[in-house]
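# Observations on the three-dimensional arrangement
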Amino acid sequence: MRRRLAAVAVAAGVAIGLAACSSSEPPNPNPAPVPGASLQKLTIGIPFDNPGLGLKDGTSYKGFDVETATYVAKALGVPENAITWKESTGANREKMLASGEVDLVISTFSITDQRKQTVDFAGPYFVAHQDLLVRRNEEEIKGPDRLDGRTLCTVPGTTSADNIRSRYLGRITLKELPHYSDCVDALAKSQVDAVTTDDVILAGFAAEPQYRGVLKVIGKGFSDEVYGVGVKKGNKALVDQVNAALKQYIQDGSWRRALNISVAPSGYTIPDPPAVGSA
């Protein structure tokens, strides 16, 4: 399942050309309804500051997680105008589900055994890999094993933070900020030496106009991050319905079209879809 960012994603300088090569056809706007689903509204937690995945732009939202959430909601009988969007970060995803603040979390939410103790998951719907974002002229950092004595930034409550703590803490100074955009800004200002999270998130930041030619993704992923849809613990019926919607999302081509629109312009190589229900 391992894949690498294309060289253009590392350079992040020809993203516009790649965008022209990607299909711009949107996902199916009218998915077939999932049998038994009769919801009228949904509150969904998504990222608000991850380019290509979930980005709030004024009063609108865009990105692969947004496209996925919109498709799933429609398949469950909920029109787009009946979706309420909430910002879901690494620190609050599980709490939002447990409290009932949101019905679903579709926010680069990696499925782990620890999280399964408090959250149920549908999916998976994507597999990413933890990687590093560094400044364009950085030559020494080629992976996490080359970060001794350096300062690494990530977001609390994430598998990225947990991986660094378990494998490298003591050798690396870990700085945690509320949002990945905060970490990326600190990297561009030379306040930290690298940012770590999933490669698909980092590629989106590297392709942003203000960071093209300034930052680069190393492109040597060192974990598998299996994204699932978070559901409140014990709601098996909703898990089954979301799984049915995700299977249709993949089968009718909407999954790939959503990625081509939202993620492919960064230069990220789109993988094959995972098997829904396998994690």
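Our structure's up above, just so we're on the same page.
Along each chain, residue indices are assigned from 1 in the same order as the chain's sequence is written. Given that this is a predicted model, residues contribute local features only at a pLDDT of at least 70 and side-chain atom pairs are listed and counted only at 80 or more, while totals for whole chains, interfaces and linings are drawn from all residues. In computing side-chain properties, one takes all heavy atoms of the structure into account and sets aside hydrogens as well as water.

With that out of the way, let us pick up the nonpolar core. One broad trend across soluble globular proteins is that nonpolar side chains are buried collectively. Counting 62 residues, the largest nonpolar core has Ile44, Phe64 and Phe126 as the members making the most contacts within it. Numbering of helices and strands runs from the N terminus; a helix is a DSSP stretch of H or I covering at least four residues, while a strand is a stretch of E covering at least two. For this core, the leading source of residues is helix H3 (residues 64-75), giving seven residues. Should any heavy atoms of two residues lie within 4.5 Å, those residues are counted as being in contact. Among residues more than four places away in sequence, those in contact with Phe64 are Gly52, Leu53, Tyr125, Phe126, Tyr249, Trp255, Ala258, Leu259, Ser262 and Val263. Side-chain atoms within 4.5 Å are what join buried Ala, Val, Leu, Ile, Met, Phe, Trp, Tyr and Cys residues into a set we call a nonpolar core. Buried means the residue's accessible area, taken with a 1.4 Å probe over protein chains only, is under 20% of the maximum for its type, while exposed means over 50%, and partly exposed covers the values in between. Formed by twelve residues, the second largest nonpolar core is a distinct cluster that contains Leu132, Tyr168, Ile218 and Phe222.

Time to look at the pattern of salt bridges. Side chains bearing opposite charge may pair, as long as their charged atoms lie close to each other. Whenever a carboxyl oxygen of Asp or Glu lies within 4 Å of a side-chain nitrogen of Lys or Arg, that contact is scored as a salt bridge. Applying the stated criterion to the full structure yields 13 salt bridges. The network of salt bridges with common partners includes Arg135, Glu138, Glu140, Arg150 and Asp193.

The subject of this paragraph is the environment of Arg256. Looking at the element boundaries, Arg256 is found in helix H9 (residues 254-262). Judged by relative accessible area, Arg256 falls into the partly exposed class, the value being 31%. Along the backbone, Arg256 and Pro273 are 17 residues apart, and their C-alpha atoms lie at a distance of 8.2 Å.

Lines fitted to C-alpha atoms define the axes, with helix axes restricted to the stretch in contact, and inter-axis angles between N-to-C directions lie between 0 and 180 degrees. It is the contact of H3 with H9, at a shortest axis distance of 9 Å, that shows an interaxial angle of 150 degrees. By the criterion of interaxial angle, the relationship of H3 to H9 is roughly antiparallel. Here H3 runs over H9; the crossing is right-handed. When H3 is examined against H9, the residues Phe64, Glu67 and Tyr71 are found in contact with a partner set consisting of Ser254, Trp255, Ala258, Leu259 and Ser262. Throughout this description, any angle smaller than 35 degrees is read as roughly parallel, any larger than 145 degrees as roughly antiparallel, any in the 65 to 115 degree range as roughly perpendicular, and the remainder as oblique. Note on convention: the crossing is left-handed when the near helix lies turned anticlockwise from the far helix by less than a right angle, right-handed when the turn is clockwise.

Here is the key point about a regular strand: its side chains alternate between the two faces of the sheet. Burial analysis of strand S8 (residues 130-135) places six of its six residues in the buried class, which makes it a mostly covered element. Strands are treated as partners if at least two bridges between them are detected by DSSP. With four bridges connecting them, S8 and strand S11 (residues 194-198) associate as antiparallel partners. Paired with Leu133 across the bridge in S11 is Val195. Pairing of S8 with strand S12 (residues 215-217) involves three bridges; the strand directions are antiparallel. By the bridge assignment for S12, Val134 is matched with Lys216.

On their own, these measurements won't tell you what the molecule is for.
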